[in-house]
Every structure is written in C-alpha cells, then in structure tokens.
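Coordinates in review
What follows is each chain in one-letter form.
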Amino acid sequence: MNPPTNGNAGDDEFGPVIDDAGNISFYSFRAPFRGGSHYVIESDVVRREVLLPDPSASTFVCYLTLSRDGNLAVMEGRALGRRDTDLFVATRDADGSWSAPLPINAVNTEANEGTPYLTPVGEALLFASTRSTSEKQSSASNIYVIGLKAALAGSQMQPDSQ
C-alpha cells in the first residue's frame, strides 16, 4: 500500500487510523506545530484536526484509534499528574465538536498504557501496558483486551453507535 499523495511530510508521524469513510487520522510533529497535533487526510487533502482534544497538551499524544463511524476516539496521552502514559476517551457531537478527553479508569494504572485499538465492530479495546505481571516486573509491554462497555463504564461515557 502506498502512502497518500499528500500525507507524509517527512516528520515524525504516528498512529494512523482509517474510518469507514476512508479518512486517515494520524498524529504528527510537522511544522508549524512542532509540539505535535492530530491531522486528517480527506480526499487526499491533509488538514490539522483542531477539534480533536489532546489530553496531554503540555506534552504530547500520539496513538489514536477511532470507532468505525469516527465518533468515538481513544487516545494515548500523558497521565494526569504523573510521567507515565494513560488512555483517554472522547466523543464527537452531531455538530462535529469533540467532548473533553476523560481518562479510562478501568485500564489506566501507574504503568504506561498506550497504542489503543478498537476492534472493527467496536466490541473491545486492545492496548499495550507495562504493568507488572506475575511473570515479569514492569518494563516490558504486554497486550491486553477489555470489553469496550466495561472499559468506558468508569469514564462516564458509553458507546452508543458501535
């Protein structure tokens, strides 16, 4: 698969996702927003996604996953008051605006959580975490799966269109 004609700027770009409409969302450190921002490629045109909230604007957020309809975003960001990363959720309203990102308390720990992925029909959330397991101390990433409704129950958001 070839990259979109106008998608690559030669800067750090992370976490591409595609919605049912064929739009590609990703995070990039491209100029002039060297601190990082979300972008969307629609019909081969790249635009900065200014409406998508950044849960850790003072640092960065990279990995993002969207529901197939593009109205639920799960993203990795700096943990609130800590140096590790956590997962956050936001929803898009009918007017296109996004809710404030809320931490996904059902999955977040004092270890790093990141690289979220929603299954195609939206029933589960997969993510990586460096939390300690019975076999290893915290430092190695492992993959975890949780039902989406269970994951969002503690964040006060419920998926309604998946």
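Below, the structure is looked at part by part. Just so it is clear, the structure is predicted and the values come from calculations on it, not from any experiment. (Residues numbered from 1 in each chain as written. Predicted model: local features only at pLDDT ≥ 70, side-chain atom pairs only at ≥ 80, totals over all residues. Heavy atoms only, no water.)

What to know about the overall build of the chain
- A count of helices and strands for the chain gives one helix and 11 strands.
- When the helices and strands of the chain are read in sequence order from the N terminus, they spell out β-β-β-β-β-β-β-β-β-β-β-α.
- Sorting the 162 residues of the chain into buried and exposed places 43% on the buried side.
- When contacts within the chain are restricted to residue pairs at least 6 apart in sequence, those whose partners lie at least 24 apart make up 35%. (Helix = DSSP H or I, 4+ residues; strand = E, 2+ residues; numbered from the N terminus. Buried < 20%, exposed > 50% of the residue type's maximum accessible area, 1.4 Å probe, protein only. Contact = heavy atoms within 4.5 Å.)

Considering the sheet that holds strand β3 (residues 37–42)
- If you walk across this open sheet you meet the four strands as β1-β2-β3-β4, and the pairing is antiparallel. Each edge of the open sheet carries a strand with a single partner, namely β1 (13–18) and β4 (45–48). Put simply, the sheet's adjacent strands are angled 25° from each other on average, direction ignored.
- Taken together, the four bridges between β3 and β4 define a ladder with antiparallel strand orientation. Counted as the bridge partner of Ile-41 is Val-46 from β4. (Pairing = 2+ DSSP bridges. Axes fitted to C-alpha atoms, helices over the stretch in contact; angles between N-to-C directions.)

What about the nonpolar core?
- Ranked by size, the top nonpolar core spans 12 residues in total: Leu-72, Val-74, Leu-87, Val-89, Ile-104, Val-107, Leu-118, Leu-125, Phe-127, Leu-148, Ala-151 and Leu-152.
- Looking at this core, the elements with two or more residues in it are β6 (72–78), β7 (85–91), β10 (124–129) and α1 (148–153).
- For this core, the leading source of residues is α1, giving three residues.
- Counting residues in each nonpolar core, the second largest holds nine residues, with Val-17, Leu-52, Ala-73 and Trp-98 among its members. (Core = buried A, V, L, I, M, F, W, Y, C linked by side-chain atoms within 4.5 Å.)

Topic: the sheet that holds strand β5 (residues 64–66)
- In space, the four strands of this open sheet follow the order β5-β6-β7-β8, with antiparallel pairing throughout. Every other strand in the sheet has two partners, leaving β5 and β8 (102–103) as the edge strands with one partner each.
- Examined bridge by bridge, β6 and β7 share seven bridges and lie antiparallel to one another. The residue bridging Met-75 from the neighbouring strand is Phe-88, located in β7.

What to know about the environment of Gly-147
- Structurally, Gly-147 can be placed in strand β11 (residues 142–147).
- Owing to a relative accessible area of 33%, Gly-147 belongs among the partly exposed residues under this scheme.
- In sequence terms Gly-147 and Gly-122 are 25 residues apart; their C-alpha atoms lie 8.9 Å from each other.
- If we ignore the near neighbours within four places in the chain, the residues touching Gly-147 are Glu-123 and Ala-124.

Quick notes on the packing of aromatic side chains
- Considering all chains together, one arrives at one aromatic pair under this definition.
- When the ring of Phe-127 is compared with that of Tyr-144, the centres are 5.7 Å apart and the planes differ by 20°; the resulting orientation is stacked. Note that Phe-127 is positioned in strand β10 and Tyr-144 in strand β11, a separation of 17 residues in sequence.
- We classify Phe-127 as buried; its relative accessible area is 4%. (Phe/Tyr/Trp six-rings, centres within 6.5 Å; stacked < 30°, edge-to-face > 60°.)

Quick word on unusual backbone geometry
- Of note in the backbone geometry, Thr-115 takes a positive phi value of approximately 45° without being a glycine.
- Within the secondary structure, Thr-115 is located in strand β9 (residues 113–118).

Overview of the environment of Arg-78
- On the secondary structure map, Arg-78 appears in strand β6.
- Separated by 10 residues in the primary sequence, Arg-78 and Phe-88 have C-alpha atoms spaced 9.5 Å apart.
- For Arg-78, the side chain forms a polar contact with the main-chain oxygen of Arg-83, separated by 2.4 Å. (Polar contact = N/O pair within 3.5 Å; in protein donor to acceptor, adjacent residues only side chain to side chain.)

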